[in-house]
Amino acid sequence: MEFYKFSIENPESFWGFQANIIPWFKTWEKVLEKNHPFYRWFVGGQLNASYVCLDQHAEGNKKDKVAYYWENELGEKEVVSYYDLYCKVNSFSKFLMDIGVKEGDMVLIYMPMVIDAIVAMLATARLGATHNVVFSGFSKNAIIDRIEDSKAKYIITATHTYRRGKRIDLLSTIREIENEKIEKVVVLDRDGSFTEGGKYIKWPQNKNFEYVAPVHVESTHPLFVLYTSGTTGKPKGIVHSTGGYLVYVACTLKWTFNVGEDSTWWCTADIGWITGHSYVVYAPLALGITSFIYEGAPDYPDPSKWWSLVEKYRITEFFTSPTAIRMFMKYDPEYIKKHDLGSLRALGSVGEPINPEVWEWYYKNIGNSRCPIIDTWWQTETGGFMIAPFMGIIPLRPGFASLPLPGILADVVDEQGNSLPPNTKGYLVIKAPWPGMMMGILNDDEKYKQVYWSKYEGMYYPGDYALRGEEGYFQLLGRADEVIKIAGHRLGTTEIESAILENDFVAEAAVVGVPDEVRGETIAAFVTLKQGVNKDESLKQTIISKVREIIGPVAVFSSIFFVDKLPKTRSGKIMRRLLKAIMLGKELGDVTTLEEEASVEEIKKAYEELKQSIG
Ligand code: WT7
């Protein structure tokens, strides 16, 4: 508690001291530069992310320490020490340099969960270039949007990945993209199926070691851009710094899971998400710990897969999502009991609220009632954990992410920004800057100000509901905006609606998130068809396929309703809360208080009409 108090009262000396968790080539001149709402950390300091993650260990006493164990569905394995990884990254950096990648360039990475994906990220960072990782489950259009917005000139990809025993081609997706601005596509050939030609070149194998001096970048140099969905149509490019980001992710991993020399850490997230960036790649490497990564589905070929890996690699700290846990809850616990999970010391959760029932199940069945559940609340934008149990704080409460981490000033406020009393639902806000915070939205300062800093003056608005319970513990209560969380993945309603509208028989579409037992939420869509188009059931499948094609398989539908018209307010706004209320089976009485912009009469009428048309 003293530590926390100090961090809040003296943020600059606190973070100035914490910043020594990583090595710097040159010390910063200023811990924090404020130009609200743009904050810059460790200004004037110089460092390189790949040096922080590799050289410091490979040149020191961790040379032979395992950095990653890797395994895939086929049972193929790879183990790399810090020195091995250092060699791979240097050699690949040299290769990238030779094809023209240089400081300030943007490199798009579309790779499966393999060690080479991490090599690609670090080699990019070594040259002072910026990476933009696109989740390998995203489809062509998602990649095109990102290339256009981020102005990427290079793509690093692989021939394929495996999922549930199926070969999934990645290269063919990249080949469908016609973009003359792309100069080179580097392809990791995993099965000899690739032939070079034009801008497509092969990732060199067994190259001799070649040292590349890490480029000294300034602390606020963008390490990466990662796109995330929000209330606006197109995903936003969240820009993260190098110095502040690395300091923050390293500190927060240490403070929560208390990982150490003897850890074998397993964060199950894909590198395509922020959790993968921060807690598969940058934090574990900066701290010099050993991680395990896996390329494949959790329950393939059967639900004991993950637990057999925990046993085999003697995993000490395990970090996953509530969606994954909920999926395992549906299976016979025998699948788990078969395996000795005695190596586990801490269990983590991220991505969505973990309800008390799921928390208890995780605690008992995976942790054998002896491992703390580290529920971590944060976002792509925050870089690292914000609200999470600090070093085994006692007691933990099921369903509560506990308290803000050191340096984080969080509160729950009402519509006007006043702090709310205990046990009252309101909006979560962060009242002071922190080093892991994004630097902004790529190419869009206005949107950055509007989305995160305009609801309340001087407070960061994450868009989540929360309440504070006993002893100030925070409970997270889901999104307060038009974001749907499917299996922990963020999709904006507008984004999904635009994809539905790509079907030329659709006139209008509105989507809402509906509760789903495993995935947390899925999509319910209300669609009006163009004149003359029959409400043919088969069109529903066409819509689903189109959305999958545009966004990717993360967009999962629970239902699609063809309606004659969408309920709208007089100003033409779709009454989404009414749609949601109908999906949740609420009575009309509950509904009329929900919509702010329509009269009770209008709502009544719309409610009846809609109920009738969806049957
Ligand atoms: C949103 C951010 C943070 C990495 C993965 C998702 C929700 C995240 C929790 C949690 C309740 C959570 C919030 C947040 N969320 N963690 N522990 N409890 N909700 O990152 O895609 O940027 O999504 O995920 O709604 O705003 P993201």
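Residues numbered from 1 in each chain as written. Predicted model: local features only at pLDDT ≥ 70, side-chain atom pairs only at ≥ 80, totals over all residues. Heavy atoms only, no water.

A separate point is the overall build of the chain. In terms of regular secondary structure, the chain is built from 19 helices and 30 strands. A globule of 615 residues ought to have a C-alpha radius of gyration of about 25 Å, and the chain, at 24 Å, matches this closely. Viewed in the frame of its principal axes, the chain has a C-alpha envelope of about 75 × 60 × 55 Å. For the chain, buried positions account for 61% of its 615 residues. Considering only residue pairs separated by 6 or more positions, the chain has 70% of its internal contacts joining residues 24 or more positions apart. Summed over all atoms, the accessible surface of the chain reaches about 24000 Å², with 49% contributed by carbon and sulfur. Taken as two groups, the 68 positive and 79 negative side-chain charges of the chain have centres that lie 1 Å from each other. (Helix = DSSP H or I, 4+ residues; strand = E, 2+ residues; numbered from the N terminus. Rg over C-alpha atoms; globule rule 2.2 N^0.38 Å. Buried < 20%, exposed > 50% of the residue type's maximum accessible area, 1.4 Å probe, protein only. Contact = heavy atoms within 4.5 Å. Areas by Shrake-Rupley, 256 points an atom, 1.4 Å probe, with all protein chains shown as cover. Lys, Arg positive; Asp, Glu negative; His and termini not counted. Charge placed at Lys NZ, Arg CZ, Asp CG, Glu CD.)

Our next topic: the pairing of strand E11 (residues 184–188). Judged by how many residues are buried, E11 sits mostly within the fold: four of five residues are covered. With five bridges connecting them, strand E8 (residues 154–158) and E11 associate as parallel partners. Its bridge partner lying in E11, tyrosine 154 is registered against lysine 184. Of the pairings in the sheet, the one linking E11 to strand E12 (residues 200–202) comprises three bridges and is parallel in character. Counted as the bridge partner of valine 185 is tyrosine 200 from E12. (Pairing = 2+ DSSP bridges.)

For helix H4 (residues 82–98), built from 17 residues, the straight-helix expectation of 24 Å at 1.5 Å per residue is met to within 8% by its first-to-last C-alpha distance of 24 Å. With 12 of its 17 residues buried, H4 lies for the most part within the structure. Buried within H4 are the following residues: Tyr82, Leu85, Tyr86, Cys87, Val89, Asn90, Ser91, Phe92, Ser93, Lys94, Phe95 and Leu96. The first or second residue beyond H4 is glycine 100, which carries a positive phi of 115 degrees. (Expected span 1.5 Å × (residues − 1).)

Viewed as axis vectors pointing N to C, H4 and helix H5 (residues 115–126) meet at an angle of 60 degrees, and their least axial separation amounts to 8 Å. The pairing of H4 with H5 is recorded here as oblique in orientation. Crossing of H4 over H5 shows right-handed handedness. Facing H4, whose interface residues are Leu85, Tyr86, Lys88, Val89, Asn90, Phe92, Ser93 and Leu96, H5 presents Ile115, Asp116, Val119, Ala120, Leu122, Ala123, Thr124 and Arg126. Per-class residue counts for the contact of H4 with H5 are 10 nonpolar, three polar and three charged. (Axes fitted to C-alpha atoms, helices over the stretch in contact; angles between N-to-C directions. Parallel < 35°, antiparallel > 145°, perpendicular 65-115°, else oblique. Left-handed = near helix turned anticlockwise from the far one by under 90°. Nonpolar A, V, L, I, M, F, W, Y, C, P; charged D, E, K, R; others polar.)

To continue, consider unusual backbone geometry. Here the residue pair histidine 36 and proline 37 is connected by a cis peptide bond, since its omega of -5 degrees sits within 30 degrees of zero. By the secondary structure assignment, proline 37 is in the loop between strand E1 (30–35) and strand E2 (38–43). Along the chain, tyrosine 300 connects to proline 301 via a cis peptide bond; the corresponding omega equals 0 degrees. In this fold, proline 301 is placed in the loop between strand E17 (290–295) and helix H10 (305–313).

Right, let's talk about the side chain of lysine 94 for a bit. Mapped onto the secondary structure, lysine 94 falls in helix H4. The buried category is assigned to lysine 94, whose relative accessible area is 19%. Every residue in contact with lysine 94, bar those within four places of it in the chain, is listed here: Lys207, Glu210 and Val212.

The next subject is the domain arrangement of the chain. Its domain assignment divides the chain into domain 1 (2–297 + 376–467) and domain 2 (483–614). Placing the centre of domain 1 and that of domain 2 at their C-alpha centroids yields a distance of 33 Å. Every contact between the two is made by 19 residues of domain 1 and, on the other side, 14 residues of domain 2. Between domain 1 and domain 2 lies a buried interface of about 1100 Å² when both sides are counted; carbon and sulfur atoms form 47% of it. Counting across the domain 1 and domain 2 interface gives one salt bridge. A salt bridge links glutamate 381 to arginine 490, with the nearest nitrogen and oxygen atoms 2.8 Å apart. In terms of residue class, the side of domain 1 that touches domain 2 is made up of five nonpolar, 11 polar and three charged. (Domains from an automatic or database assignment. Buried area = accessible area lost by both parts, 1.4 Å probe. Salt bridge = Lys/Arg side-chain N within 4 Å of Asp/Glu carboxyl O.)

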